Amino acid sequence: MTFEKFIEKETADYGKLYADVIFALEEIEEFVPSEQLRERKFVEYLPTLKAYMDILKNTEIDNHTKGVFAKVFGNSDSQAAVIEKFKSENVEKFDQIRSCVNCKCLTCSNECIMEGCNRCEKSGRVAKCDKKTTCIYTFTNKELQLTNNKTGEDSLYNVLSIVQDKEYNQLFIIIELNREKFVLYFYPGISEDTYGEISDVEDFNFAFSAYEQAEL
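Here the residue numbering is sequential within each chain, running from 1 through the sequence in written order. Per-residue local features of the predicted model are confined to residues with pLDDT of at least 70, and side-chain atom pairs are confined, for both listing and counting, to 80 or more; whole-chain, interface and lining totals are unaffected and use all residues. Heavy atoms throughout the structure, all of them, feed into the side-chain values; hydrogens and water do not.

**So, the layout of surface pockets**
Turning to step 1, where the next piece is worked out: Think of a 1 Å grid over just the protein atoms. A cavity is a set of points where a 1.4 Å probe fits yet cannot get out, a pocket is an open set with protein on both sides within 12 Å along at least five of seven lines, and lining residues have an atom within 4 Å of a point. Grid points are joined across faces, edges and corners, and a volume is the space filled by probe spheres set on the points. Estimated volume of the largest pocket: approximately 580 Å³.
Turning to step 2, where the next piece is worked out: As for the largest pocket, its lining consists of 17 residues, and the residues nearest its centre are Thr147, Asn148, Asn149, Leu184 and Glu197.
Turning to step 3, where the next piece is worked out: Breaking the lining of the largest pocket down by element, the ones donating at least two residues are strand 3 (143-147), strand 6 (180-187) and strand 7 (194-197).
Turning to step 4, where the next piece is worked out: Helix and strand definitions follow DSSP, with helices as H or I runs of at least four residues and strands as E runs of at least two, each counted in order from the N terminus. Here the lining of the largest pocket takes four residues from strand 6, the largest share from any one element.
Turning to step 5, where the next piece is worked out: Under the grouping applied here, Gly and all other residues not named as nonpolar or charged are polar, the nonpolar ones being Ala, Val, Leu, Ile, Met, Phe, Trp, Tyr, Cys and Pro and the charged ones Asp, Glu, Lys and Arg. In terms of residue class, the lining of the largest pocket is built from nine nonpolar, five polar and three charged.
Turning to step 6, where the next piece is worked out: One number sums up the size of the second largest pocket: a volume of about 460 Å³.
Turning to step 7, where the next piece is worked out: Forming the boundary of the second largest pocket are 19 residues, of which Arg40, Asn110, Cys112, Gly116 and Cys117 lie nearest the centre.
Turning to step 8, where the next piece is worked out: Considering only residue class, the lining of the second largest pocket consists of nine nonpolar, four polar and six charged.

Below is the structure:
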């Protein structure tokens, strides 16, 4: 792929993402207080996305203006390096924005009583929320290292979901290792999160059922 084609592809891809965010923002900004709106991750990361769009646009204009001289004496290698560096430094923000445009919170204008964006990271999104008692987050790129209390061995689990039970003020985390799924109590901390084994069958069934319904 030529550098010019790469720029066209990036502009189309991230231009659509930028447009999706702007349209969503325009839909809800008059209904959601500005201080609450700023807490949403797609709003927080919007300036970074805009900066990347500006880099692509300026590169495209620069190449077009130089014309044939750019092809002979051009600096496409250095331009590509700038673009790649900016993308690599902000890849998690861009991945999060992509998740945000598929999140149930994107155009929700309700006064949120749930965890909202506080639980989202590593490409997380709200897959389902009844806005009253249950909110289900899913993740595509989140891992968690835990120590097995019986063996003392550390294992790296894929985090599939976090389930909020507002009625009982409880969070659950659903993780997976070697295709086997586990459900734990989840206790977020200021400096460190902790987890607890579930012995209550009703709690286990509630969390796992909520996750499965969100994945349908």
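From this point on, the discussion continues.
**Quick notes on the packing of helix 1 (residues 3-28) against helix 7 (residues 91-100)**
Turning to step 1, where the next piece is worked out: Here, axes are lines fitted to C-alpha atoms. For helices the fit covers the stretch in contact, and angles between N-to-C directions go from 0 to 180 degrees. Look at helix 1 against helix 7: their axes get within 10 Å of each other, and the N-to-C directions meet at 55°. Considered as vectors, helix 1 and helix 7 are oriented oblique to each other. For the pair helix 1 and helix 7, the sense of crossing is left-handed. Here Asp13, Tyr14, Leu17 and Val21 of helix 1 lie close against helix 7, whose contacting residues are Phe94, Ile97 and Arg98.
Turning to step 2, where the next piece is worked out: The residue makeup of the contact of helix 1 with helix 7, split by class, is five nonpolar, no polar and two charged. Angles are sorted into four bins: roughly parallel if under 35 degrees, roughly antiparallel if over 145, roughly perpendicular if 65 to 115, and oblique for all others. Note on convention: near helix rotated counterclockwise from far helix by under a right angle means a left-handed crossing. Clockwise means right-handed. It only takes one pair of heavy atoms within 4.5 Å for two residues to be counted as in contact.

Spatial relationships are all this shows, so hold off on functional conclusions.
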